[in-house]
Amino acid sequence: MKAWVQVLQHLADGRFHSGEELAFALGCSRSAVWKQLQNIRQLPGIEVDSVKGKGYRLSRPLDLLQEDVLLARLSETNRTRLGACNVLHTVDSTNALAMDERLQRSGQAMAWFAELQTAGRGRRGRPWVSSFGDNIYFSLAYRFDLAMGQLAGLSVATGAVLVQLLREYGLTGHGLKWPNDIHWEGRKLAGILLEAHGETDGPSTAVIGIGVNLRLDKRVAEGIDQPCATLEDAGLLIDRSHFAGDLLNTVISMCEQYQGNGLEPFLQIWRDNDLYKGKEVALLGPNNEIRGINEGLADNGGLSLSVNGVSKTYFAGELSLRPTDEVDRV
Ligand code: BTN
């Protein structure tokens, strides 16, 4: 384990630890500890207080992910479906790792979690900003005996089960914006990025990337280009390892069900949580904007819009409310 991680684990309790104590615990010199503290201070969202005579402490305790606690949340069946689960401290993007075919064991699901992503990927080429140890950054690579084209509805199915899981954790007032953004009080709480590779006719591997905001450092939040919400804003303080494990369990079960039954079992859940149905919306493409009334989720996972009185289904674009009925602009 890297030395800075060891120092951070000692400091995670939010209490003071002297340089001497840290040096003893790590078996190194006090100046080596000081050097690691400089590295820790660079992590987004982390502040280290240093007080003469007391030592060092984090400005707030950290709830670091614990792999054993996380894995204990999986059902026995899902444990057998999982080839490996990697809990990382920093990574460029868990999706980028999961898309790397060399890292995948054939036929088994593989999961990646990270405390921090340095180049997190969002939809439509946007960045997904991170702060260390606060949120969930998770990717699952899952192999399907399905053609690539049949994976299209997976992102909608993932949105549906994530909304449900958040409700089981006590969240209310949240819902879905097509295809899979989760909003709470008009602000984005969680996002899903689906990537895939494989044979056109199958088998194919889907990489399901999920980011959930549990808590965001104020300075980190300033770097995000859209209004965002956290579970903390909603008054929910949850155990990160429990939530990460339940999320992994939920997404593996969802994949298994999708393999057998496709999107159908998830349509009603999605529709029951649609925040935009019946509203006047605009669907933004790279070069155009389509305006219409949102008729809701189509059976194939597309977005059904009534455009000048004619129903059409769309499969791509960024949905936003028309300014006329803009209640919660996104
Ligand atoms: C969106 O823009 O709504 C999608 C955001 C997806 C973010 C998650 S965080 C874990 C995984 N790794 C990434 O680089 N992106 C996804």
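Quick caveat, the model's predicted, so the values are computed rather than measured.

Here we look at the pairing of strand β12 (residues 303-307)
At step 1: The element β12 is extensively covered by neighbouring structure, given that 5 of its 5 residues are classed as buried.
At step 2: Residues L303, L305 and V307 point to one face of β12 and S304 and S306 to the other, with burial holding for every one of them.
At step 3: Note that strand β11 (residues 289-297) and β12 share 4 bridges and pair antiparallel. Paired with I293 across the two strands is S306, which belongs to β12.
At step 4: Once β11 ends, the chain turns through 5 residues before running back antiparallel as β12, passing G301 with a positive phi of about 95°.
At step 5: In this structure, β12 lies alongside strand β13 (residues 310-314), joined through 5 bridges in antiparallel fashion. Directly across from L303, in β13, lies its bridge partner Y314.

A short note on the pattern of salt bridges
At step 1: A full pass over the atoms with the stated rule returns 20 salt bridges.
At step 2: The salt bridge involving R73 is made with D246; its shortest N-O contact spans 3.0 Å. On the criterion of sequence distance, the pair formed by R73 in the loop between α4 (67-71) and α5 (76-81) and D246 in helix α9 (residues 240-261) is long-range, its members being 173 residues apart.
At step 3: Relative accessible area serves as the criterion here: at 33%, R73 is assigned to the partly exposed category.
At step 4: D246 gets classed as buried once you look at its relative accessible area, which sits at 15%.
At step 5: Each of R123, R124, R126, K177, D181, K188, D225 and E318 takes part in salt bridges that share partners, so that together they form one network.

Considerations on the site of the ligand
At step 1: Surrounding the ligand, one finds 20 residues, the nearest of these being S93, Q117, R121, R123 and K188.
At step 2: Contact distances for the ligand include 3.4 Å between a nitrogen atom and a backbone N or O atom of N95.
At step 3: Protein contacts shield 98% of the accessible area of the ligand, which totals 410 Å² for the unbound molecule.
At step 4: No other element matches the 4 residues that strand β8 (residues 187-198) contributes to the shell around the ligand.

Focus: the packing of aromatic side chains
Each pair of aromatic rings is reported with the distance of its centres and the angle of its planes.
At step 1: Per the stated rule, a full pass over the model turns up 5 aromatic pairs.
At step 2: Note on W4 and F132: the rings are 6.0 Å apart at their centroids and 70° apart in plane angle, and the pair reads as edge-to-face. A residue pair is termed long-range when its members are at least 10 positions apart, and W4 in helix α1 (residues 3-11) and F132 in the loop between β4 (109-117) and β5 (136-144) qualify at 128 residues.
At step 3: Since its relative accessible area comes to 14%, W4 is described here as buried.
At step 4: Where F113 meets F138, the ring centres are 4.7 Å apart and the plane angle is 20°; that geometry is what we call stacked. Here F113, found in strand β4, pairs with F138, found in strand β5; they are 25 residues apart in sequence, far enough to count as distant.
At step 5: Exposure remark for F113: the relative accessible area of 0% places this residue in the buried category.
At step 6: One aromatic cluster is present, formed by Y142, F144 and Y258 through successive ring pairs.

Digging into helix α10 (residues 264-272)
At step 1: Those residues of α10 lying buried are F266, L267, I269 and W270.
At step 2: Where α10 is buried, its residues contact α7 (154-168), β6 (174-177), α9 and β11.

Re the sheet that holds β13
At step 1: Taken in spatial order, the 5 strands line up as β13-β12-β11-β10-β14 in an open sheet, and their pairing is antiparallel. A single partner strand is all that each edge strand has here, and the edge strands are β13 and β14 (318-321). Here the average twist between neighbouring strands, direction ignored, is 45°.
At step 2: Direction of pairing for strand β10 (residues 280-284) relative to β14: antiparallel, over a ladder of 4 bridges. Each residue of the ladder has a partner; that of A282, found in β14, is S320.

Scoring rules and cut-offs
- Residues numbered from 1 in each chain as written.
- Predicted model: local features only at pLDDT ≥ 70, side-chain atom pairs only at ≥ 80, totals over all residues.
- Heavy atoms only, no water.
- Buried < 20%, exposed > 50% of the residue type's maximum accessible area, 1.4 Å probe, protein only.
- Helix = DSSP H or I, 4+ residues; strand = E, 2+ residues; numbered from the N terminus.
- Pairing = 2+ DSSP bridges.
- Salt bridge = Lys/Arg side-chain N within 4 Å of Asp/Glu carboxyl O.
- Near = heavy atom within 4 Å.
- Polar contact = N/O pair within 3.5 Å; in protein donor to acceptor, adjacent residues only side chain to side chain.
- Areas by Shrake-Rupley, 256 points an atom, 1.4 Å probe, with all protein chains shown as cover.
- Phe/Tyr/Trp six-rings, centres within 6.5 Å; stacked < 30°, edge-to-face > 60°.
- Contact = heavy atoms within 4.5 Å.
- Axes fitted to C-alpha atoms, helices over the stretch in contact; angles between N-to-C directions.

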